[in-house]
Amino acid sequence: RMFEELEQLFWHQEEPFASSSIYAQWCVMRLAKENHVTVLLDGQGADEMLAGYHTYFDDMSDDLLKSLKLLSYFRLNRDCEALHGRTPGSVRRVVRQILPKQVKRPVKQIFNAMRSVRNIDPGYPTYPIEFKNVSGLRKILWWNTTRHGLNQLLRYADRNSMAHSREVRMPFLDHRLAEFVFTLPESWLHRHGWTKWILRVALRGILPEPIAQRVDKLAFMPPERRWLGPLVWKDIMLEQLAAGGTSAPLVSEPCIEAAELKVS
């Protein structure tokens with residue numbers, strides 16, 4: 001069924017996206033419509049504001065190394081290894097971050113020349129000057145919440161929900177809650193390797209324990225390899241782009257013409 005719906009999905013999204021997880025969300029909205037569920041609650045924003053992604057362990061590790069809090073650094077590594085089976089960060093990563101720009105630039109140019117490829121801006125986060133003394137974790141949470149990451153996910157959800165005439169509500173993005181969360185001490189966001197610590201504490205006795213104490217972090221990723229077989233998602237996207245927008249809207253042309261006449 002996925003390949004039957006891809007043209008409609010691409011038409012509604014209007015731009016390329018990285019994986020078939022967007023189609024999985026499309027299916028959720030379609031299922032909601034089929035079951036006459038008009039409004040859905042969505043947890044978007046919790047990971048970005050409460051440091052829920054495991055990649056944030058690297059930023060925590062960087063902060064501890066830069067401030068020479070070595071004991072806390074080793075404890076964080078120990079806790080992450082015990083809970084998540086991975087050790088965050090590295091000394092090399094921190095050294096690369098603290099190198100002066102005067103040193104970074106020639107080194108980067110040398111490596112680009114060695115690879116013989118054009119230097120492409122990878123889109124690294126940039127922060128206002130007021131963030132100079134803000135921790136790396138705080139910076140990346142702000143960046144993912146307000147500049148890059150969450151805004152993409154919200155766009156996907158909006159397009160998919162509107163394609164099926166569904167409404168999505170996101171309680172974690174209530175501006176009062178967001179403003180409050182960004183004032184919390186970092187120890188309330190993560191503790192001993194546990195992510196979203198304050199949320200786990202707040203929901204004790206409300207969520208079932210296996211959910212409240214879950215430590216793994218899975219993206220909203222369908223069984224893409226099984227669905228696509230030998231095909232590659234990137235190739236599918238490029239083929240659609242090369243087709244010049246042959247995808248058709250869900251409504252018929254006469255309906256579009258009638259709407260245009262009514263507006264005019």
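Up top is the structure these notes are about.
Okay, so let's go over this structure. Counting from 1, residues in each chain are numbered in the order their sequence is written. Totals for whole chains, interfaces and linings use all residues, but because this is a predicted model, local features are given only for residues with pLDDT of at least 70 and pairs of side-chain atoms are given and counted only at 80 or more. Hydrogens and water are ignored here; the side-chain numbers use all heavy atoms of the structure.

Salt bridges are defined by distance alone: a side-chain nitrogen of Lys or Arg within 4 Å of a carboxyl oxygen of Asp or Glu. Under the definition given, this model contains 12 salt bridges. One salt bridge connects arginine 30 with glutamate 34, and the closest N-O pair in it is separated by 3.9 Å. On the criterion of helical spacing, the pair formed by arginine 30 and glutamate 34 is a turn pair, its members being four residues apart in helix α2 (residues 21-34). For arginine 138, the salt bridge identified is with glutamate 186, shortest N-O distance 3.9 Å. Strands here mean DSSP runs of E at least two residues long; helices mean DSSP runs of H or I at least four residues long; both are numbered from the N terminus.

So, about the nonpolar core. If you look at the biggest cluster of nonpolar residues, it comprises 22 residues, and the most contacted ones within it are Ala51, Tyr56, Met60, Leu76, Leu137, Leu141 and Leu189. When residues of this core are traced back to their parent elements, those giving at least two are α3 (46-50), α4 (56-66), α5 (70-84), α8 (136-146) and α10 (175-181). Contact definition: two residues touch when any of their heavy atoms are within 4.5 Å. The residues touching leucine 141, leaving out its near neighbours within four places in the chain, are Glu48, Met49, Ala51, Tyr56, Phe182 and Leu189. Take the buried Ala, Val, Leu, Ile, Met, Phe, Trp, Tyr and Cys residues and link them wherever side-chain atoms come within 4.5 Å; each set so joined is a nonpolar core. Relative accessible area decides the class of each residue, using a 1.4 Å probe on protein chains only: under 20% of the type maximum gives buried, over 50% gives exposed, and in between gives partly exposed. Core analysis: the next-biggest nonpolar cluster, separate from the first, contains 14 residues, Phe17, Ile22, Tyr23 and Trp233 among them.

A separate point is a nonpolar patch on the surface. Each patch is built from salt-bridge-free residues with over 30% relative accessible area, joining like charges within 9 Å and nonpolar side chains (Val, Leu, Ile, Met, Phe, Trp, Tyr) within 5 Å. A 1.4 Å probe and the Shrake-Rupley method give the accessible areas. Residues count as covered only by the protein chains that appear here. Together, Leu68, Leu70 and Phe74 make up a nonpolar patch on the protein surface, roughly 340 Å² of accessible area in all. Following the sequence through the fold, leucine 70 ends up in helix α5.

So, on to unusual backbone geometry. Backbone geometry places leucine 68, a non-glycine residue, at a positive phi of 60 degrees. Checked against the element boundaries, leucine 68 lands in the loop between α4 and α5. A positive phi angle, close to 45 degrees, is found at lysine 196, a residue other than glycine. With respect to the element layout, lysine 196 can be found in the loop between α10 and α11 (197-202).

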